[in-house]
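# Working through the structure, step by step
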Amino acid sequence: MMDGLITGRLTGVPESRVDRNRRPYMVARMRANAGDGSSIPVNIVAFDNAPCAVLRSLAEGDAIALRGTLTPKVWIDRQEESHAVLDVVAQQILAAPTLSDL
């Protein structure tokens, strides 16, 4: 794990969830641009009130920048090709709504 700052666009609608101790949290997914022109999927989870509030206000396609703990991972698809993915525990989120929201 490492601390980092990452930017991208949401690829779905953020979801509210509750853990087994009935504490609320949010999950979301985004795509971040890689240096070679490709993109990397990013799984986001937020537990603190401030990042959860920002995620609740967002929609698919919104641009976001988040700071948090990054964990790089690899998953293997059905064709046995490996793909990079990042898991992020968001501690701070900045967002820009899409133009249609303005």
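Moving on, we come to the environment of valine 18. Position of valine 18 relative to the elements: it lies in strand E2 (residues 15-18). Looking at valine 18, the relative accessible area reads 55%, which means it is exposed. Spatially, the C-alpha atom of valine 18 lies 18 Å from that of glutamine 91, the residues being 73 residues apart in sequence. For valine 18, the residues in contact, after removing those within four places along its chain, are Arg23, Pro24 and Tyr25.

What follows deals with the nonpolar core. By size, the foremost hydrophobic cluster in this structure holds 19 residues, and its most contacted members are Ile6, Met30, Val42, Ile44, Leu55, Ile64 and Leu66. Residue assignment for this core shows that the elements contributing at least two residues are strand E1 (2-10), strand E3 (24-33), strand E4 (39-46), helix H1 (49-56), strand E5 (63-76) and strand E6 (82-96). When residues no more than four places from it in sequence are discounted, the contact partners of leucine 66 are Gly4, Leu5, Ile6, Met30, Ile44, Val88, Gln92 and Ile93.

Turning our attention to the packing of aromatic side chains. Tallied over the entire structure, the rule returns one aromatic pair. Ring centres 5.6 Å apart and planes at 35 degrees place the aromatic pair tyrosine 25 and phenylalanine 47 in the tilted group. Residue tyrosine 25 is found in strand E3, and its partner phenylalanine 47 is found in the loop between E4 and H1; the two are separated by 22 residues along the sequence. With a relative accessible area of 46%, phenylalanine 47 lands in the partly exposed category.

The rules we used
- Per chain, residues are indexed from 1 in the order of the written sequence.
- Reporting in this predicted model follows two pLDDT cut-offs: at least 70 for local features of residues, and 80 or more for side-chain atom pairs to be given and counted; totals over whole chains, interfaces and linings ignore these cut-offs and use all residues.
- Hydrogens and water molecules were not included; the side-chain quantities draw on all heavy atoms of the structure.
- A run of DSSP states H or I qualifies as a helix once it reaches four residues; a run of E qualifies as a strand once it reaches two. Both are numbered from the N-terminal end.
- Burial classification: accessible surface area is computed with a 1.4 Å probe over protein chains only, and a residue below 20% of its type maximum counts as buried, one above 50% as exposed, and the rest as partly exposed.
- Throughout, a residue-residue contact means that at least one pair of heavy atoms, one from each residue, lies within 4.5 Å.
- Nine residue types can take part in a nonpolar core, namely buried Ala, Val, Leu, Ile, Met, Phe, Trp, Tyr and Cys, and a core is a set of them joined through side-chain atoms within 4.5 Å.
- For Phe, Tyr and Trp, rings pair up if their centres lie within 6.5 Å, where Trp contributes its six-membered ring, and each pair is then called stacked (planes under 30 degrees apart), edge-to-face (over 60) or tilted (otherwise).

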